[in-house]
Amino acid sequence: MRLVHSFAAGQWIAPGPGARAIESAITGEVIAQAGNDALDVQAMRAFARDRGTVALQAMTFHDRARMLKALALYLREHRQVLYDLSFDTGATQSDHLIDIDGGIGTMLVFASKGRREMPDSRIYIDGPPEQLSRTGQFQGQHICTPLQGVALHINAFNFPVWGMLEKLAPTLLAGMPAIIKPATATSYVTEVCVRLMLDSGLLPDGALQLIAGGTGDLLDHLDCQDVVTFTGSAQTAKQLRATPNVLNSAVRFTAEQDSLNASVLGPDAVQGTPEFDLFVTEALREMTVKAGQKCTAIRRILAPSAQVDALITALRAGLSKITVGNPRETGTDMGPLVSSNQKMDVLQKAAQIGTEAERVFGDPETFSMADDQGAFLPPMLFHCADPDAAHAVHDVEAFGPVSTVMPYNDMDHAAALLNRGKGSLVASVITRDGDVARALAMASAPFHGRLYFNNRDSMAEATGHGAPLPHMVHGGPGRAGGGEELGGVRAALHYMQRTAVQGSPDILSAITGKWTPGATEHVDKPHPFTRPFDDLTIGDTLHTPSRTVTLDDIETFANFTGDTFYAHMDHAAAAANPFFPGRVAHGYLLLSFAAGLFVQPDPGPVLANTGLDNLRFMKPVEPGDSIKVRLTVKAKTPRNDDYGEVRWHVALTNQNDEAVAEYELLTMNEY
Ligand code: NAP
């Protein structure tokens, strides 16, 4: 018997009063116990705030991203123990790849995004500055700073590892500590994963705690600096969201809940096309992976009326080849549901669906494992001939291997049926017809958190209807909970407060650590290209002498590069163009002259120019005009042990000090 401990305020606490028994999905035997009503959840919150918040927020985004990477690699090294345990939840080895490897992979993506897309500082800058006054001496900037409380993650039973890590990674990246409350049914897997992370020694004290069992009165004591992210059923979400203190204190509450996801067989994807076969493959996978216990699984299968029979025949053929059995055995395609309770729940929901739809595959009564003590069920396929009159097929989520095929007449009808889910996590459309894709996107995107299109062109690389990716938003409106998770750096921002900061350019630069146009320039230092990364400070500026641009320069550049566009070569044609007074210099000539004006040619700390961002040409340069350059250190980002990226603000002006061009130059500079 495993005793699933909580990790509270630095101590492992064994199950106590109110502990619940946990059964093996395979045998039905009680294998573990979890829960302790005497757990001091208030001490956990204080520990997170006093230790975790302080330690994490002393680190920069890059420090935390490096920590996530190390943590993910540590988990990967030790994942076998998680595989071994997870079989008892009913998961097969290929299910482990989604839950355990998928969770670790998600953490690695956040580690990488944190280093590449967030600054090496403690404030995240959201968007460009906004000029709020005529001369630019009063500007605005949106910034994001981590909340100062704790994130309480309440997770569903189906992904004991991924479900934790996909929330934990962005939380830690943002700089918030977390208290994880896994679903009791699979908490023994989560507990071991938490132990691994704590044993790694990579996390500061208070960054991660675990509640095995109930959360006590924790929700009654949270405030505006705390976050609750809930994953589970709509029913529980409604109950928790309505906690008086959550409402009164406006505690951030995100819900990822159940969803009647659908997949549409496009009108072009008729039998005999690669799209038809692809549709069948995706539908079979979504019905059987994790025994259908996936929030994104396809519950509703929408097919053109004329294709319904062929589709049901193909799905039945595919389902008849699925081996249901002990997930530890290698020939098994689908394991049991997580528990006998879950099995009962699915049977009950399937019976409700059965009042409106005919079961065309999978009879739980005659199923060969029907008498087995484990929570085994066959995949069950239904056919609802009149989906307009039906309700249960659009409303009842049987959280298991259950899907319903239904016909549609045209694209408007397909969209209307899709939207009967009243808000879903994902819908997929298998089509090669761009018009079909656009019509469904317009009609159904507002009802879905994710739309997945696939066809013969993308199928070899597509990631699957059911896979939420760390790069893309996961969540959905309405029935799906109205929440949003993942989506790259957006995920970390859910644990931060966005604040509009207003002030002078110097004040904004001081806050953000990034030079804002109009802020003080430091001009009395040696050439910035001669100084290593660490010697450069934000605002260091070089003003160059000016250079006159001649007609000869323009012609030489045109003939050398082959860019003989008429605006540079033909006075009359150029003058007829509303943008030009006559022949003008090439924009790229100006950039080249600018580099000629600001570079310091000797070997030195500048290793390479790696790009330009936000290039704008504002005023044409005619022969006889002159240009000069202001080059300012805007931001610095360490990249590795040897060098870092310097972002320079570059402004070209003419002899009348009018802006000619502006851009950001990126260089890699040695430390
Ligand atoms: P659930 O019964 O709603 O439980 C979800 C979580 O809430 C569990 O950790 C549960 O803990 C906890 N909980 C229940 N009552 C609570 C209370 N009064 N106070 C604090 N916590 C409480 O859902 P489930 O059966 O675990 O998961 C299946 C459902 O989750 C399905 O409907 C599925 O669609 C949905 N789901 C959604 C997503 C998504 O991303 N949208 C992902 C996965 C699953 P105990 O286990 O200890 O009761």
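All residue numbers refer to position in the chain's written sequence, counted from 1. In keeping with the predicted nature of the model, local features appear solely for residues at pLDDT of at least 70, side-chain atom pairs appear and are counted solely at 80 or more, and the whole-chain, interface and lining totals rest on all residues. Just so you know, side-chain values use all the structure's heavy atoms and leave hydrogens and water out.

Chemist: Where do I start with the side chain of Asn-454 in this structure?
Modeler: Among the secondary structure elements, Asn-454 is positioned in strand β19 (residues 448–454). As used in this structure description, the phrase polar contact means that two N or O atoms lie within 3.5 Å; if the pair is within protein, one of them must be able to donate a hydrogen and the other to accept it, and residues adjacent in sequence are counted only when both atoms belong to side chains. Within the structure, the side chain of Asn-454 is placed 2.7 Å from the side chain of Ser-458, a separation counted as a polar contact. Here Met-459 takes part through its backbone nitrogen, which lies 3.3 Å from a polar atom of the side chain of Asn-454. Contacts between residues were defined by any pair of non-hydrogen atoms, one from each residue, lying within 4.5 Å. When neighbours within four sequence positions are excluded, Asn-454 is seen to be in contact with Leu-278, Glu-282, Val-429, Ile-430, Thr-431, Met-459 and Ala-462. Only DSSP runs of H or I covering at least 4 residues are called helices, and only runs of E covering at least 2 are called strands; the numbering of each starts at the N terminus.

Chemist: Mind showing me how you'd approach the site of the ligand here?
Modeler: Nearness of a residue to a molecule or strand requires only that one of the residue's heavy atoms be within 4 Å of it. In the vicinity of the ligand lie 26 residues, with Asn-155, Thr-184, Ser-233, Thr-236 and Glu-397 positioned nearest. Within the backbone of Asn-155, one N or O atom sits 2.6 Å away from an oxygen atom of the ligand. One nitrogen or oxygen atom from the main chain of Phe-157 is found 3.2 Å from an oxygen atom belonging to the ligand. Protein contact buries 83% of the 900 Å² of open area that the ligand shows by itself. Of all the secondary structure elements, the ones that give two or more residues to the shell around the ligand are β11 (227–231) and α7 (234–241). By the convention adopted, Pro, Cys, Tyr, Trp, Phe, Met, Ile, Leu, Val and Ala count as nonpolar, Lys, Arg, Asp and Glu as charged, and the other residues, Gly among them, as polar. Within the shell around the ligand, the residues separate by chemical class into 10 nonpolar, 11 polar and 5 charged. Residue-level mapping places the shell around the ligand at the junction of two domains, with at least three residues from each of domain 1 (48–255 + 490–497) and domain 2 (262–468). For every accessible area listed, the method is Shrake-Rupley and the probe measures 1.4 Å; residues are considered covered only by the protein chains on display. All the domain ranges listed were derived from an automatic or database domain assignment.

Chemist: Would you take a moment to explain the nonpolar core for this structure?
Modeler: Within soluble globular proteins, side chains that are nonpolar tend to cluster in buried spots. Nonpolar cores are built from buried Ala, Val, Leu, Ile, Met, Phe, Trp, Tyr and Cys residues. Side-chain atoms within 4.5 Å join them into one set. Categorising residues by exposure relies on relative accessible area from a 1.4 Å probe, with only protein chains included: less than 20% of the type maximum marks a residue as buried, more than 50% marks it as exposed, and the intermediate range marks it as partly exposed. Met-107, Leu-165, Leu-168, Leu-172 and Met-197 are the most contacted members of the largest nonpolar core, which has 62 residues in total. The greatest single-element share of this core, amounting to 8 residues, is contributed by helix α5 (residues 162–174). Discounting chain neighbours no more than four positions away, the residues touching Met-197 are Leu-71, Leu-75, Met-107, Met-164, Leu-165, Leu-168, Leu-203 and Leu-208. Counting 38 residues, the second-largest nonpolar core is a separate cluster that includes Ala-350, Met-380, Ala-427 and Val-429.

Chemist: Honestly, the sheet that holds strand β18 (residues 424–430) in this entry has me stumped. Any pointers?
Modeler: Think of a sheet as strands paired side by side through backbone hydrogen bonds, with each pair either parallel or antiparallel. Note on pairing: DSSP must find at least two bridges between two strands before they are called paired. Strand order across the open sheet formed by 7 strands is β15-β16-β17-β14-β13-β18-β19, with mixed pairing between neighbours. In this open sheet, the two edge strands, each paired with only one partner strand, are β15 (358–361) and β19. When the angles between neighbouring strand axes are averaged without regard to direction, this sheet yields 25°. Pairing between strand β13 (residues 262–265) and strand β14 (residues 300–304): 3 bridges, direction parallel. Counterpart to Ala-262 in the pairing with β14 is Arg-300. In this description, a line fitted to the C-alpha atoms serves as the axis of each element, helices being fitted only across the stretch in contact, and the angle between N-to-C directions of two axes falls anywhere from 0 to 180 degrees. Sheet strands touched by helix α9 (residues 274–288): β13, β14, β16 (380–383), β17 (402–408), β18 and β19. Its angle to β13, the strand with the most contacts, is close to 165°. Here helix α14 (residues 434–444) sits on the sheet and contacts β13, β18 and β19; the angle it forms with β19, its principal contact strand, is near 170°.

Chemist: Sorry if this is basic, but what is going on with the pattern of salt bridges here?
Modeler: Should the charged atoms of two oppositely charged side chains come close, the side chains can pair. By definition, a salt bridge exists where a carboxyl oxygen of Asp or Glu is found within 4 Å of a side-chain nitrogen of Lys or Arg. Applying the stated criterion across every chain yields a total of 30 salt bridges. In this structure, Arg-328 and Asp-88 form a salt bridge, with 3.5 Å as the shortest nitrogen-oxygen distance. Residue Arg-328 is located in the loop between α10 (308–319) and α11 (340–354), and its partner Asp-88 is located in the loop between α3 (79–86) and α4 (93–117); the two are separated by 240 residues in the primary sequence. For Asp-88, a relative accessible area of 16% gives the class buried. Here Glu-664 ties to Arg-647 by a salt bridge, and the two come within 2.5 Å at their closest N and O atoms. Here the residue Glu-664 occupies a position in strand β28 (residues 659–670), and Arg-647 occupies one in strand β27 (residues 643–654), the gap between them amounting to 17 residues. Residue Glu-664 is classed as buried on the basis of its relative accessible area, which comes to 9%. Here the salt bridges share partners, and the residues they tie into one network are Arg-45, Arg-49, Asp-223 and Asp-226.

Chemist: Any chance you could explain helix α6 (residues 187–199) here in plain terms?
Modeler: Side chains that are three or four residues apart share a direction in an α-helix, a result of its 3.6 residues per turn. For α6, which comprises 13 residues, the first-to-last C-alpha distance of 18 Å matches the rise-based estimate of 18 Å (1.5 Å per residue) to within 8%. The buried fraction of α6 is high, at 10 of 13 residues. Residues of α6 that are buried include every one of Ser-187, Tyr-188, Val-189, Thr-190, Glu-191, Val-192, Cys-193, Val-194, Leu-196 and Met-197, and no others. Expected helix span is given by 1.5 Å per residue-to-residue step, counting one fewer step than there are residues.

Chemist: Just to check I follow, could you spell out the environment of Glu-130 for this structure?
Modeler: Structurally, Glu-130 is set in strand β6 (residues 124–131). The exposure class of Glu-130 is partly exposed, given its relative accessible area of 43%. Note: C-alpha distance between Glu-130 and His-142 (12 residues apart in sequence) is 8.8 Å. Non-local contacts of Glu-130, meaning those with residues more than four positions away in its chain, are made with Gln-139 and Gly-140.

Any link to function would need more than the numbers given here.
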